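The lines below spell out each chain.
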Amino acid sequence: MTLRIGILGAARVATYAMTDAARDVDGVTVAGLAARDPVRARAYADQHGIGRVFADYDDLIASPDIDAVYVALPPSLHARWSIAALNAGKPVLCEKPFALTMADVDAMLDAEARSGVLLMEAQHSHYHPLAARMRAVVHDGGLGDLLRVAAHFSALVPDTGDELRYLPDVGGGALWDLGVYPAYWIRSATGEEPQLVSARQRLHASGADIATEANLRLANGAPVHLACDMAAPFSAAIRFEGARGSLDIVNPLAPHLPQGHRFVLKVDGIAREEQFPGRSTYSNQLEAFRDAVLHGTPVATRGADTRATMALLTAIADRARSHSHAD
């Protein structure tokens, strides 16, 4: 059986997360697209070989020719259209950030429970072998008791005047767009829900955060630092320091990119570097979504796990409001 996926939103992320990935994953096809601007939708469909453009989001969701829905809309629309798809009995792969309020997160998860079909968060880096190895190293205690953790993700996002990531009302800002990744890496690798200690932000004139930093604490008291910045060059990394050694990972975000990755594990004074060649994080993610929908294979980035990531991000945003300053 081929899983026919419809895309909501002609966004950049849809290209690498869905249209490119679908060419690399058996049993999946992009069967349709709907976007707010029909001219842009047609141009995007022609460019990426999508045969059908729907008049609007409702038409795509209602179509019997669409089996599942990928939501690549601005974050402020994730809840509304994910819920609409779930109510129509269509499994959903929803981009990050999952939603902008905990009330919306809970409404989405309630809709999933009522519908009985899958709602999966598109945390693509989780599904790469590098991430699985990271979790295994930290979980098995080979580093000894964790002493500190630090994770960051920066990417230069030009302020063009119409860039959505500078518009807070639609879900812009570094924390929602970039910080969601280190927040998830920290949670998934440690297996803990770290306690928030402090947070601060640097704000754009629009009110969107250009950069956010947060200090957290693990259950054993070990400090955790999280940072994200959309006015700095690309950099993504996480470091774990333990009583017996350390793990340094450069580019846990997308190890498949041309710039590659580094994974350096040092235990009891002996260091070794590991490599994880192969498919993109997005291909692995789409394969996991396919198997979950068609075969009921469990996936991690959903339900209570997704809610916990959103709760952490929301707590950071709320705490940072009293410690923010304009750029």
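Numbering of residues starts from 1 in each chain and follows the order in which that chain's sequence is written. pLDDT decides what is reported in this predicted model: residues at 70 or higher carry local features, side-chain atom pairs at 80 or more are listed and counted, and totals for whole chains, interfaces and linings draw on all residues regardless. Heavy atoms throughout the structure, all of them, feed into the side-chain values; hydrogens and water do not.

This part covers the overall build of the protein. Put simply, DSSP H or I for four residues or longer makes a helix, DSSP E for two residues or longer makes a strand, and each gets a number counted from the N terminus. If you tally the helices and strands in the protein, you get nine helices and 14 strands. At 20 Å, the protein has a C-alpha radius of gyration in line with the 20 Å of a compact globule built from 327 residues. Per-residue burial for the protein yields a buried fraction of 54% across its 327 residues. Here, residues are in contact when the closest pair of their heavy atoms is within 4.5 Å. For the protein, the share of sequence-separated contacts (at least 6 apart) that also reach a separation of at least 24 residues comes to 68%. Put simply, the radius of gyration uses C-alpha atoms, and a globule should come to 2.2 Å times the residue count raised to 0.38. Per-residue accessibility, obtained with a 1.4 Å probe over protein chains only, is compared with the maximum for each type, and a residue is labelled buried under 20%, exposed over 50%, and partly exposed between these values.

This part covers the packing of aromatic side chains. For Phe, Tyr and Trp, where Trp contributes only its six-membered ring, two rings pair if their centres lie within 6.5 Å, and the inter-plane angle classes them as stacked under 30 degrees, edge-to-face over 60, or tilted in between. Considering all chains together, one arrives at six aromatic pairs under this definition. Aromatic side chains F153 and Y181 sit 5.5 Å apart centroid to centroid with 80° between the ring planes, which places their arrangement in the edge-to-face category. Of the two residues, F153 sits in strand β6 (residues 146-154) while Y181 sits in helix α7 (residues 174-190), which places them 28 residues apart along the sequence. Both residues of the pair, F153 and Y181, count as buried. Connected via pairs of aromatic rings, a cluster forms that spans F153, Y181, W185 and F234.

Take the buried Ala, Val, Leu, Ile, Met, Phe, Trp, Tyr and Cys residues and link them wherever side-chain atoms come within 4.5 Å; each set so joined is a nonpolar core. Among the nonpolar cores identified, the biggest contains 76 residues, and L8, V69, M134, I238, F240 and L247 are the most heavily contacted of them. Residue contributions to this core peak at 10 residues, all from α7. Setting aside residues up to four positions removed in sequence, F240 forms contacts with M134, V138, L143, L146, R148, V149, A189, T190, G245, S246 and L247. Core analysis: the next-biggest nonpolar cluster, separate from the first, contains 32 residues, L3, A72, M120 and A292 among them.

A word on the pattern of salt bridges. Salt bridges are defined by distance alone: a side-chain nitrogen of Lys or Arg within 4 Å of a carboxyl oxygen of Asp or Glu. The tally for this structure, following the rule as stated, stands at 27 salt bridges. Two residues, D177 and R165, come together in a salt bridge whose shortest N-O distance is 3.3 Å. Of the two residues, D177 is situated in helix α7 and R165 in the loop between β6 and α7; the sequence distance between them amounts to 12 residues. Looking at R165, the relative accessible area reads 21%, which means it is partly exposed.

Further remarks concern unusual backbone geometry. Following K96, the chain continues to P97 via a peptide bond in cis, the omega torsion being -15°. Among the secondary structure elements, P97 is positioned in the loop between β4 (92-94) and α5 (102-115).

Let us look at the pairing of strand β8 (residues 209-217). Regular strands show a simple pattern: their side chains alternate between the two faces of the sheet. Looking at chain direction, strand β7 (residues 195-203) and β8 are connected through eight bridges and run antiparallel. Its bridge partner lying in β8, L203 is registered against D209. In short, DSSP must find at least two bridges between two strands for them to pair. The antiparallel hairpin formed by β7 and β8 contains five residues in its connecting segment, where G207 sits at a positive phi of about 100°. Here β8 runs beside strand β9 (residues 223-229); their pairing, made up of seven bridges, is antiparallel. Note that in β9 the partner of A211 across the bridge is D229. Taking the residues between adjacent antiparallel strands as the criterion, β8 and β9 are bridged by five residues, where G221 takes a positive phi near 95°.

Spatially, the C-alpha atoms of R165 and M230 are 8.9 Å apart, while their sequence positions differ by 65 residues. Not counting residues up to four positions away in its chain, the partners in contact with R165 are R12, V157, G172, G173, D177, A208 and M230. Any pair of N or O atoms that falls within 3.5 Å is considered a polar contact. Within protein, one atom must be able to donate a hydrogen and the other to accept it, and sequence-neighbouring residues count only if both atoms are side-chain atoms. Here the side chain of R165 touches D177 through a polar contact of 3.3 Å, side chain to side chain.

Further remarks concern the environment of M134. Secondary-structure assignment places M134 in helix α6 (residues 129-139). Distance from M134 to N215, taken between C-alpha atoms, is 21 Å for residues 81 residues apart in sequence.

Once that is clear, we can look at the sheet that holds strand β3 (residues 68-71). Strands sit in the order β2-β1-β3-β4-β5 across an open sheet of five strands; the sheet is parallel. Strand pairing shows two members of the sheet lacking a second neighbour, β2 (28-34) and β5 (119-121), which therefore form its edges. The sheet shows a mean angle of 25° between the axes of neighbouring strands, direction not considered. Across three bridges, the pairing between β4 and β5 is parallel. Within the sheet, the bridge partner assigned to L93 lies in β5 and is M120. Inter-axis angles, ranging from 0 to 180 degrees, are taken between N-to-C directions of lines fitted to C-alpha atoms, where helices are fitted over the stretch in contact.

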